[in-house]
Amino acid sequence: MGRKTALRDQLLTTRGRIGLPGLGSLARSLSQVVIEIPEVRRAATVALYVSIGTEPGTGPLLDELDDAGKRVLLPCLLPDNDLDWAAYDGELVRAPRGLLEPGGERLGVSAITGADVVLVPGLAVDPQGHRMGRGGGSYDRILARVPAGTLTCVLLYPWEIGVSVPVEPHDQAVGAAASAEGMQRFS
């Protein structure tokens, strides 16, 4: 576990040095990249998350998807770290651990299976699509539920793509990574 913890600390420290103007600019560029992904353009339902702190910002992307008439599913953290889902209706409410969640009807943990595209957070991804998260396992659980053929994409900063990450048996790979500089698909 030591190597994963050290890498997480290093990645979070680097994120902490970006600064607010840089975070905003990178979030807008990321939104433009993601909105142009063919699967996203075709999607009726997109699963996303509300970024917090120094995560790559999803605010502009949430607005773009909403403006484009997409149904956006957002996660609601459960006590066991699994994720329930609710449709975004323009309002977010404060939740435990400093998170923002939709206040509407909860759709259940299996609602993720109805998304056409699943966009997830992470700290890094290796050249094979193995994603490293924060260690809670929430997104490994949901990625295991996503039907084969559905685009799964981790949203990162450009320097976090192609990083060698320790892989454990429960870790779920993603099909792509997107950053402010573009998208990369994994086989």
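Residues numbered from 1 in each chain as written. Predicted model: local features only at pLDDT ≥ 70, side-chain atom pairs only at ≥ 80, totals over all residues. Heavy atoms only, no water.

Draft legend 1. Highlighting the sheet that holds strand 3 (residues 83-87). One open sheet holds the seven strands; their spatial order is 3-2-1-6-9-10-11, and the pairing between them is mixed. Edge positions in the sheet fall to strand 3 and strand 11 (182-185), since each has one partner strand and no second. Here the average twist between neighbouring strands, direction ignored, is 25°. With three bridges connecting them, strand 1 (residues 45-47) and strand 2 (residues 71-77) associate as parallel partners. Bridging across to strand 2, Ala47 finds its partner in Leu73. Along the sheet, helix 4 (residues 59-67) makes contact with strand 1, strand 2, strand 6 (117-120) and strand 9 (151-155), crossing strand 2 at roughly 140°. Of the strands in this sheet, strand 2, strand 3, strand 6 and strand 9 are in contact with helix 5 (residues 138-145), which crosses strand 3 at around 70°. (Pairing = 2+ DSSP bridges. Helix = DSSP H or I, 4+ residues; strand = E, 2+ residues; numbered from the N terminus. Axes fitted to C-alpha atoms, helices over the stretch in contact; angles between N-to-C directions. Contact = heavy atoms within 4.5 Å.)

Draft legend 2. Spotlight on the environment of Ala178. Positionally, Ala178 belongs in strand 10 (residues 176-179). The sequence separation of Ala178 and Leu155 amounts to 23 residues, and the corresponding C-alpha distance is 5.1 Å. When neighbours within four sequence positions are excluded, Ala178 is seen to be in contact with Leu30, Val33, Val34, Cys153, Val154, Leu155, Leu156, Ile161 and Met183.

Draft legend 3. Representation of the nonpolar core in the model. The biggest cluster of nonpolar side chains holds 44 residues, and the ones touching the most others in it are Val34, Leu48, Leu119 and Leu155. Every residue in contact with Val34, bar those within four places of it in the chain, is listed here: Val40, Leu61, Leu119, Leu155 and Ala178. Counting seven residues, the second-largest nonpolar core is a separate cluster that includes Leu7, Ala124, Val163 and Val165. (Core = buried A, V, L, I, M, F, W, Y, C linked by side-chain atoms within 4.5 Å. Buried < 20%, exposed > 50% of the residue type's maximum accessible area, 1.4 Å probe, protein only.)

Draft legend 4. Layout of the pairing of strand 9. Counting buried positions along strand 9 yields five of five residues, so the element is predominantly enclosed. Side chains Leu151, Cys153 and Leu155 project from strand 9 onto one buried face, and the interleaved Thr152 and Val154 project onto a second face that is buried too. Relative to strand 9, strand 6 is paired through four bridges, and the arrangement is parallel. Bridge pairing in strand 9 links Val117 to Leu151. Judged from the three bridges that link them, strand 9 and strand 10 form a sheet pairing that is parallel. Bridge pairing in strand 10 links Leu155 to Ala178.

Draft legend 5. A look at helix 2 (residues 20-35). With 16 residues, helix 2 should reach 22 Å at 1.5 Å per residue; the first-to-last C-alpha distance of 23 Å fits that figure. Looking at helix 2, one finds that the buried residues are Leu23, Ala27, Leu30, Ser31, Val33, Val34 and Ile35. (Expected span 1.5 Å × (residues − 1).)

Draft legend 6. Expanded view of the packing of helix 2 against helix 4. Remark: helix 2 packs on helix 4, axes separated minimally by 7 Å, with the N-to-C direction vectors making an angle of 40°. In this structure, helix 2 crosses over helix 4, and the sense of that crossing is right-handed. Side by side, helix 2 and helix 4 meet where Ala27, Arg28, Ser31, Gln32, Val34 and Ile35 of the first sit next to Pro60, Leu61, Glu64 and Leu65 of the second. Considering only residue class, the contact of helix 2 with helix 4 consists of six nonpolar, two polar and two charged. (Left-handed = near helix turned anticlockwise from the far one by under 90°. Nonpolar A, V, L, I, M, F, W, Y, C, P; charged D, E, K, R; others polar.)

Draft legend 7. Representation of the packing of aromatic side chains in the model. Enumeration over the complete set of coordinates arrives at two aromatic pairs. Seen in terms of ring centroids, Tyr49 and Tyr139 are 6.5 Å apart; in terms of plane orientation they differ by 70°. Their pairing is edge-to-face. Taken as a pair, Tyr49 in the loop between strand 1 and helix 4 and Tyr139 in helix 5 lie far apart in primary sequence, 90 residues in all. On the basis of relative accessibility, which here comes to 3%, the residue Tyr49 falls in the buried class. (Phe/Tyr/Trp six-rings, centres within 6.5 Å; stacked < 30°, edge-to-face > 60°.)

Worth remembering: the numbers are spatial, not functional.
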